[in-house]
Amino acid sequence: MNTILFRVGLLLLHILLNVVVVSYLTRFDLTGSWLALTAFVLLLFFMLALLIRHIISFINYAKHNSK
(Lines give C-alpha, C1' and ligand atoms only; values in the text may rest on other atoms or scores of the structure.)
Protein backbone atom coordinates (compact mmCIF):
# COMPACT_ATOMS: atom_id res chain seq x y z
CA MET A 1 0.00 0.00 0.00
CA ASN A 2 2.88 2.37 0.70
CA THR A 3 4.19 1.90 -2.83
CA ILE A 4 0.93 2.99 -4.42
CA LEU A 5 0.82 6.07 -2.18
CA PHE A 6 4.40 6.84 -3.15
CA ARG A 7 3.52 6.53 -6.85
CA VAL A 8 0.47 8.76 -6.44
CA GLY A 9 2.63 11.33 -4.69
CA LEU A 10 5.22 11.26 -7.44
CA LEU A 11 2.53 11.57 -10.11
CA LEU A 12 1.05 14.60 -8.34
CA LEU A 13 4.54 16.07 -8.00
CA HIS A 14 5.08 15.59 -11.73
CA ILE A 15 1.83 17.40 -12.50
CA LEU A 16 2.76 20.22 -10.12
CA LEU A 17 6.20 20.61 -11.70
CA ASN A 18 4.64 20.73 -15.16
CA VAL A 19 2.33 23.53 -14.03
CA VAL A 20 5.23 25.45 -12.46
CA VAL A 21 7.43 25.15 -15.57
CA VAL A 22 4.64 26.19 -17.94
CA SER A 23 3.58 29.12 -15.77
CA TYR A 24 7.21 30.27 -15.50
CA LEU A 25 7.75 30.06 -19.26
CA THR A 26 4.57 31.97 -20.05
CA ARG A 27 5.97 35.01 -18.22
CA PHE A 28 8.24 35.67 -21.20
CA ASP A 29 7.13 37.09 -24.52
CA LEU A 30 7.50 34.07 -26.77
CA THR A 31 5.69 35.54 -29.77
CA GLY A 32 8.61 37.73 -30.86
CA SER A 33 10.66 34.85 -32.19
CA TRP A 34 9.57 31.82 -34.16
CA LEU A 35 12.43 29.85 -32.65
CA ALA A 36 11.36 30.60 -29.08
CA LEU A 37 7.73 29.83 -29.85
CA THR A 38 8.64 26.57 -31.57
CA ALA A 39 10.86 25.54 -28.66
CA PHE A 40 8.05 26.34 -26.23
CA VAL A 41 5.51 24.26 -28.17
CA LEU A 42 7.96 21.36 -28.48
CA LEU A 43 8.64 21.51 -24.74
CA LEU A 44 4.89 21.44 -24.05
CA PHE A 45 4.41 18.38 -26.26
CA PHE A 46 7.41 16.66 -24.63
CA MET A 47 6.10 17.29 -21.11
CA LEU A 48 2.61 16.17 -22.13
CA ALA A 49 3.99 12.96 -23.65
CA LEU A 50 5.97 12.22 -20.48
CA LEU A 51 2.94 12.90 -18.31
CA ILE A 52 0.73 10.61 -20.39
CA ARG A 53 3.41 7.91 -20.32
CA HIS A 54 3.66 8.12 -16.53
CA ILE A 55 -0.12 8.05 -16.11
CA ILE A 56 -0.38 4.94 -18.31
CA SER A 57 2.47 3.33 -16.36
CA PHE A 58 0.69 4.12 -13.09
CA ILE A 59 -2.60 2.66 -14.37
CA ASN A 60 -0.85 -0.53 -15.48
CA TYR A 61 0.88 -0.79 -12.10
CA ALA A 62 -2.40 -0.32 -10.26
CA LYS A 63 -4.12 -2.97 -12.43
CA HIS A 64 -1.44 -5.59 -11.86
CA ASN A 65 -0.99 -4.99 -8.14
CA SER A 66 -4.60 -4.54 -7.06
CA LYS A 67 -5.28 -8.27 -6.78
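Residues numbered from 1 in each chain as written. Predicted model: local features only at pLDDT ≥ 70, side-chain atom pairs only at ≥ 80, totals over all residues. Heavy atoms only, no water.

Colleague: Any details on the environment of leucine 25? Residues and values, ideally.
Modeller: Examined against the element boundaries, leucine 25 turns out to sit in helix α1 (residues 2–25). What makes leucine 25 partly exposed here is its relative accessible area of 21%. For the pair leucine 25 and leucine 48, spaced 23 residues apart in the sequence, the C-alpha separation amounts to 15 Å. (Helix = DSSP H or I, 4+ residues; strand = E, 2+ residues; numbered from the N terminus. Buried < 20%, exposed > 50% of the residue type's maximum accessible area, 1.4 Å probe, protein only.)

Colleague: Which residues make up a nonpolar patch on the surface, and what values do they have?
Modeller: A cluster of nonpolar side chains, namely Phe6, Leu10, Leu13, Leu16, Leu17 and Val20, defines an oily patch on the protein surface of about 570 Å² accessible area. Mapped onto the fold, valine 20 is located in helix α1. For valine 20, a relative accessible area of 45% puts it in the partly exposed group. (Patch = residues over 30% accessible without salt bridge, like charges linked within 9 Å, V, L, I, M, F, W, Y side chains within 5 Å. Areas by Shrake-Rupley, 256 points an atom, 1.4 Å probe, with all protein chains shown as cover. Salt bridge = Lys/Arg side-chain N within 4 Å of Asp/Glu carboxyl O.)

Colleague: Describe in detail the packing of aromatic side chains, supporting the description with residues and values.
Modeller: In this structure the tally under the stated criterion is one aromatic pair. With a centroid separation of 5.3 Å and an interplanar angle of 85 degrees, the aromatic rings of tyrosine 24 and phenylalanine 28 are classed as edge-to-face. Of the residues examined, tyrosine 24 reaches a relative accessible area of 47% and is grouped as partly exposed. (Phe/Tyr/Trp six-rings, centres within 6.5 Å; stacked < 30°, edge-to-face > 60°.)

Colleague: Report on helix α2 (residues 34–64), specifying residues and quantitative values.
Modeller: Between the first and last C-alpha of α2 there are 45 Å, a value that for 31 residues agrees with the 45 Å anticipated at 1.5 Å per step. Within α2 the residues assigned to the buried category are Phe40, Met47, Leu51 and Phe58. Those residues of α2 hidden inside the fold are in contact with α1. Where α2 begins, the side chain of serine 33 points an oxygen toward the backbone nitrogen of leucine 35, at a separation of 3.3 Å. (Expected span 1.5 Å × (residues − 1). Contact = heavy atoms within 4.5 Å. Polar contact = N/O pair within 3.5 Å; in protein donor to acceptor, adjacent residues only side chain to side chain.)

Colleague: Residues and numbers for the environment of isoleucine 4, please.
Modeller: Within the secondary structure, isoleucine 4 is located in helix α1. With 38 residues separating them in the primary sequence, isoleucine 4 and leucine 42 have C-alpha atoms 31 Å apart. Here isoleucine 4 is in contact with Phe58, Tyr61 and Ala62, once residues within four sequence places are set aside.

Colleague: Would you mind going over α1 in detail, with residue names and values included?
Modeller: Its 24 residues place the ends of α1 34 Å apart at the C-alpha level, agreeing with the 34 Å of an ideal helix rising 1.5 Å per residue. Every buried residue of α1 is accounted for by Leu11, His14 and Asn18. Residues of α1 that are buried make contact with α2.

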